[in-house]
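# Structural characterization, general
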Amino acid sequence: MDDLRPAAVLVTHGVLGTELVRTVERILGPQTDVAVVSNDGLSADGLVAALEASLDSLVPGQAAVVFSDLAAGSCGLAARRAGASGRVVRRITGANLPMLLEFFHYRGTIPLDDLLPRMETKGRAGIVSS
Amino acid sequence: MPILLARVDDRLIHGQVVHGWGRPLEATLFAIVSDELHADPERAELFLFAVPEGARGIVVSVEEALAPAFHADVESHRSVLLFTDLATPLRLVERGFALEALNVGGLHHAEGKREVLPYVFLDAADREKLRALAARGVRAPARDPPANAEHNPAPRGGGT
């Protein structure tokens, strides 16, 4: 089901998204169908517009997962406000490396509806205090 | 209690406001003053999503902000007032709302505006509003999180 592989769009503070993708690629190798939107210098409306432009630039009809860092922040808010550009768009907040690795490893091999809860589980499981 | 922070920030309630300012100030009320958001409850609800646990968030119109009930609400809490633009606090002050200081926390890039600081972009109309606020005794330093230094966003001779 590779032709149904969902894209990833990361909307984050500063360079966080870029560095997360860079780290994923160090671990899993180069990735395609991934975009990053930074909130640097953008108003709330500007960030929504940038995110929508990023979604618009994807292959028509391709599903996308929008990852944001802080749910209660400009990025999480933009993810909630952005239109879906006529495609399936799922959203997940609290983006971290375990969550992203799960997504990039399994996207295209299991349905998105099954992948989302796995990503959430992995993201939470990666938080351990001692 | 007086207003702890009045801030113009076109991102409204977001990480810098909640974590950077709200936590150290122990804010219990985040009040957005915006006619536009007040007229669009669905959009207002999205912005209020970011209000932290233990605090309350409201969106009021300019008229409501001028009413005694709002004043009483603000005075009975540890309040943070938020505006998306400079025009709104100026309208309030022109109509007698007591405001000593306005934190210019985020006026991001828009067409026709020039960068003053990485988080402050102004045009001539914005500068005029800052001058009008200053003329009415409102200090309006720019500062993003409280740990950073204050800047004058519109120094004399700073162009348009």
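Coordinates for the structure precede this section.
Residues numbered from 1 in each chain as written. Chains lettered and ligands numbered in written order. Predicted model: local features only at pLDDT ≥ 70, side-chain atom pairs only at ≥ 80, totals over all residues.

### A short note on the overall build of chain A
When its secondary structure is counted, chain A shows five helices and four strands. Its helices and strands taken in sequence order, chain A reads β-α-β-α-β-α-β-α-α from the N to the C terminus. Rg of the C-alpha trace for chain A: 14 Å, near the compact-globule value of 14 Å for 130 residues, within the 12% margin. The buried share among the 130 residues of chain A stands at 37%. (Helix = DSSP H or I, 4+ residues; strand = E, 2+ residues; numbered from the N terminus. Rg over C-alpha atoms; globule rule 2.2 N^0.38 Å. Buried ≥ 20, exposed ≤ 12 C-beta atoms within 10 Å, placed from the backbone.)

### As for the sheet that holds strand S1 (residues 5-9) of chain B
Residue and element names in this part refer to chain B. On the basis of which strands lie adjacent, the open sheet formed by five strands has the order S3-S2-S4-S1-S5 and parallel pairing. Of all the strands in the sheet, the pair left with one neighbour each is strand S3 (56-60) and strand S5 (103-106). The average undirected angle you get between the axes of adjacent strands in this sheet is 25 degrees. (Pairing = 2+ DSSP bridges. Axes fitted to C-alpha atoms, helices over the stretch in contact; angles between N-to-C directions.)

### Side note on the nonpolar core
One finds Val9, Val11, Leu51 and Ala78 of chain A together with Ile13 and Leu82 of chain B to be the most contacted residues of the largest nonpolar core, which totals 76 residues. Discounting chain neighbours no more than four positions away, the residues touching Ala78 of chain A are Val11, Ala44, Leu47, Val48 and Leu51 of chain A. (Core = buried A, V, L, I, M, F, W, Y, C linked by C-beta atoms within 7 Å. Contact = placed C-beta atoms within 7 Å.)

### Digging into the interface of chain A and chain B
On the side of chain B, 15 residues touch chain A, which itself brings 12 residues to the contact. For the side of chain A that touches chain B, the elements supplying multiple residues, two or more each, are helix H2 (44-56) and helix H3 (74-81) of chain A. Looking at the side of chain A that touches chain B element by element, the count peaks at four residues for H3 of chain A. Of the residues in the side of chain A that touches chain B, the class split is five nonpolar, five polar and two charged. (Nonpolar A, V, L, I, M, F, W, Y, C, P; charged D, E, K, R; others polar.)

### Considering H2 of chain A
All names here are of chain A. In this model, H2 (13 residues) spans 18 Å end to end at C-alpha, consistent with the 18 Å of a helix rising 1.5 Å per residue. Within H2 the residues assigned to the buried category are Ala44, Leu47, Val48, Leu51, Ser54 and Leu55. Taken around the axis of H2, the buried residues stretch over an arc of 125 degrees, which confines them to a single face. Against the buried residues of H2 lie strand S1 (7-12), strand S2 (34-38), strand S3 (64-68), H3 and strand S4 (89-92). (Expected span 1.5 Å × (residues − 1). Arc of directions from axis to C-beta.)

### Topic: unusual backbone geometry
All names here are of chain B. Within the chain, Leu12 stands out as a residue other than glycine whose phi angle is a positive 60 degrees. In this structure, Leu12 sits in the loop between S1 and helix H1 (15-25). Positive phi outside glycine occurs at Glu26, with the angle close to 55 degrees. Mapping Glu26 onto the fold places it in the loop between H1 and strand S2 (29-33). In this structure Glu26 comes out as exposed when scored by C-beta crowding, with 10 C-beta atoms within 10 Å.

### Focus: the packing of helix H1 (residues 16-28) of chain A against helix H4 (residues 97-106) of chain A
Residue and element names in this part refer to chain A. At a minimum axis separation of 10 Å, H1 and H4 run at an interaxial angle of 55 degrees. With respect to their mutual orientation, H1 and H4 come out oblique. In the crossing of H1 with H4, the sense of the turn from one axis to the other is right-handed. The segment H1 lies against H4, with Leu20, Thr23, Val24, Ile27 and Leu28 engaging Leu97, Leu100, Leu101, Phe104 and His105. (Parallel < 35°, antiparallel > 145°, perpendicular 65-115°, else oblique. Left-handed = near helix turned anticlockwise from the far one by under 90°.)

### Remarks on the packing of H2 of chain A against H3 of chain A
Residues and elements named next belong to chain A. Contact geometry of H2 with H3 gives a least axis separation of 9 Å together with a crossing angle of 55 degrees. Judged by the angle between their axes, H2 and H3 are oblique. Once H2 is placed against H3, the crossing between them reads as right-handed. Contacts between H2 and H3 involve Ala44, Leu47, Val48 and Leu51 on the former and, on the latter, Ser74, Leu77, Ala78, Ala79 and Arg81. Split by residue class, the contact of H2 with H3 holds seven nonpolar, one polar and one charged.

Interpretation in functional terms is not warranted from these geometric data alone.
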